[in-house]
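For reference, the chains in residue letters:
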Amino acid sequence: MNVSQISIGRFHHFHLARQLQKRDLLEAVFTGYPRFKLKDEPGIPQSKIHTFPWLQAPFMARGRVGLDQWDWLNREWAWQAHETLDRYVRSRLRAPTVLLALSGSGLHAGRRAQELGGLHICDRGSSHIRVQEQLLQEEYARYGACWKGIDPRSIAKEEAEYEQADLISVPSQFCVDSFIHQGIPKEKILKIPYGARLERFWPCATQVSDQQPEFRVLFVGSAGPRKGFLDLLKAFTLLQHPRKKLTLIGSLSTEAQSYLKGTDQPSVEFLGSVPNAQLRAHYSRASVFVLPSIEEGLAMVMGEAMACGCPVIASTNTGASDLFTDGTEGFIVPIRSPELIADRLQQLADAPELRHRMGRAALMRVQTLGGWDAYGDAWQTALTRIP
């Protein structure tokens, strides 16, 4: 049986769709993305992309017209976008297929796939939803902020998907452990780590050299509680270096903005969103990439940094152990450990030869892992082993 995918947005699913298409395994991709935003998805026939953008597309654009101010509206809108996409796909399934559905969007369609003699694989890009909820609740409390919580309907639906699915696919051992901790049988969990876009990320000529005294710490992502922003900023503050700089690329959450207002950080620069094509230069110039996230599945930005020859400091809850070895290509630290992150930063700042050795090792490691082609190979192997 070929594979049909459901993904409310792009995420990693369009990388997977290209890989499945290369192997003649792709049946269809169902998404909430509008078709005009998918014109730059090479390798996937447009006839196999089926869009249902009527709720998700305006939800993504709501901030431009000031409709993101009401929490109740955001929650209801997000719920309906996932639920209607799920039901739309259910109505479109006519023959047996392996339905690979992003969690939260595949309960009804997955049941239909099973009724037709196919399979339902629930693809979860993060930890078990209850582990995620607990970690984020604790983290928001550290900021003195109110965690509004995941919609209870979403928690109930995802847990129903975990129960119903033939398999649950996750990208890292951190995710596997979170599911086992919640009582999911190990044999039901399929771990396939994401790849890196090696065709887009490689070292630039601007790589940091021994003659460049500035020590550059880079963060790419949505800076806020989930990404461990509090620990990143504290660790950078503790770092002793005459010419240190912390560069933040991406968005700043309300909590991060509030925290920054109460600190004097002349060495912190916020660049906002940066075109993807320019990220390679930032990774290559950085002395180290730091990602102290509290919770996520496997952060693809780590692979991007490594592909540019940049060592990485990341928390255990980023999926880092599935990408590199602590002490070889970078450092892996426990969550909420800013003092330890500061110590690791100091090691790299004080020993340029260590920094360069780790950067070279990071580049070699990510090249060995094989990028998205290896991800496609792993999925092909897994699908052939399914009874």
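Definitions and cut-offs
Residues numbered from 1 in each chain as written. Predicted model: local features only at pLDDT ≥ 70, side-chain atom pairs only at ≥ 80, totals over all residues. Heavy atoms only, no water. Pairing = 2+ DSSP bridges. Helix = DSSP H or I, 4+ residues; strand = E, 2+ residues; numbered from the N terminus. Axes fitted to C-alpha atoms, helices over the stretch in contact; angles between N-to-C directions. Contact = heavy atoms within 4.5 Å. Buried < 20%, exposed > 50% of the residue type's maximum accessible area, 1.4 Å probe, protein only. Polar contact = N/O pair within 3.5 Å; in protein donor to acceptor, adjacent residues only side chain to side chain. Phe/Tyr/Trp six-rings, centres within 6.5 Å; stacked < 30°, edge-to-face > 60°. Lys NZ or Arg CZ within 6 Å of the ring centre and 35° of its normal. Expected span 1.5 Å × (residues − 1). Parallel < 35°, antiparallel > 145°, perpendicular 65-115°, else oblique. Nonpolar A, V, L, I, M, F, W, Y, C, P; charged D, E, K, R; others polar.

(A) Quick peek at the sheet that holds strand 9 (residues 244-249). Strand order in the open sheet formed by 6 strands is 10-9-8-11-12-13, with parallel pairing between adjacent strands. Only two strands of the sheet have a single partner each, and these edge strands are strand 10 (268-272) and strand 13 (330-333). The average angle at which neighbouring strand axes cross in this sheet is 20 degrees, direction not considered. Against the sheet, helix 10 (residues 276-285) engages strand 8 (215-220), strand 9, strand 10 and strand 11 (288-291), with an angle of about 140 degrees to strand 8. Those strands touched by helix 12 (residues 338-350) are strand 8, strand 11, strand 12 (312-315) and strand 13, and its axis lies near 170 degrees from that of strand 13.

(B) Seen up close, the side chain of K227. With respect to the helices and strands, the residue K227 is situated in the loop between strand 8 and helix 8 (229-238). We classify K227 as buried; its relative accessible area is 17%. Of the polar contacts made by the side chain of K227, one reaches the side chain of E296; its length is 3.2 Å. Residues in contact with K227, not counting those within four places in the same chain, are F219, S222, L291, P292, S293, I294 and E296.

(C) Region of interest: the packing of aromatic side chains. Counted under the stated rule, the structure contains 10 aromatic pairs. Between F201 and Y283, the aromatic rings sit 5.8 Å apart at their centres with planes inclined by 70 degrees, giving edge-to-face as the arrangement. Of this pair, F201 sits in the loop between strand 7 (189-191) and strand 8 while Y283 is found in helix 10, placing the two residues 82 residues apart along the sequence. For the pair F201 and Y283, one class covers both residues: buried. Counting every residue linked through ring pairs, the aromatic cluster contains F30, F52 and Y88. Sitting over the face of the ring of W79, K157 holds its NZ or CZ atom 5.7 Å from the ring centroid. In this arrangement the basic side chain of K244 is found over the ring face of F236, its NZ or CZ atom lying 4.6 Å from the centre.

(D) Looking closely at the sheet that holds strand 3 (residues 49-51). Across the sheet, 7 strands lie side by side as 3-2-1-4-5-6-7; this open sheet has parallel pairing. Where the open sheet ends on each side, the last strands, each with one partner, are strand 3 and strand 7. The mean angle between the axes of side-by-side strands here comes to 20 degrees, regardless of whether they run parallel or antiparallel. Pairing geometry for strand 4 (residues 98-102) and strand 5 (residues 119-123), over 5 bridges, is parallel. Considered in strand 5, the bridge of L99 is made with H120.

(E) Layout of the environment of S253. With respect to the helices and strands, S253 occurs in the loop between strand 9 and helix 9 (254-261). Spatially, the C-alpha atoms of S253 and I168 are 30 Å apart, while their sequence positions differ by 85 residues. Ignoring anything within four residues of it in the chain, the contact list for S253 reads A223, G224 and P225.

(F) Main features of the environment of A101. Turning to its location among the elements, A101 is positioned in strand 4. Those residues in contact with A101 that sit more than four places away from it in its chain are I6, G106, H120, I121, C122 and D123.

(G) Representation of the pairing of strand 13 in the model. What you see with strand 13 is no split at all: G330 and I332 on one side and F331 and V333 on the other are buried throughout. Here 4 bridges tie strand 12 to strand 13, and the two strands are oriented parallel to one another. Bridge assignment links A314 to a residue of strand 13, and that residue is I332.

(H) Representation of helix 13 (residues 352-369) within the structure. Taking 1.5 Å as the rise per residue, helix 13 with 18 residues should run 26 Å; its terminal C-alpha atoms sit 26 Å apart, in good agreement. Residues of helix 13 that are buried include every one of L354, R355, H356, M358, G359, A361, A362 and V366, and no others. The positive-phi residue at the C-terminal boundary of helix 13 is G370, with phi of around 95 degrees.

(I) Spotlight on the packing of helix 3 (residues 71-92) against helix 6 (residues 152-164). As a packed pair, helix 3 and helix 6 sit with axes 10 Å apart at the nearest point and diverge in direction by 30 degrees. By the angle class used here, helix 3 and helix 6 are roughly parallel. Each of R75, E76, W79, H82, E83 and D86 in helix 3 lies in contact with helix 6, whose residues at this interface are P152, R153, S154 and K157. Residues belonging to the contact of helix 3 with helix 6 are distributed by class as follows: 2 nonpolar, 2 polar and 6 charged.

(J) Expanded view of unusual backbone geometry. Unlike most non-glycine residues, F11 shows phi in positive territory, near 50 degrees. Position of F11 relative to the elements: it lies in the loop between strand 1 (3-7) and helix 1 (13-22). In this model, R336 sits at a positive phi of 55 degrees, which is unusual for a non-glycine residue. Relative to the helices and strands, R336 is located in the loop between strand 13 and helix 12. We classify R336 as partly exposed; its relative accessible area is 27%.

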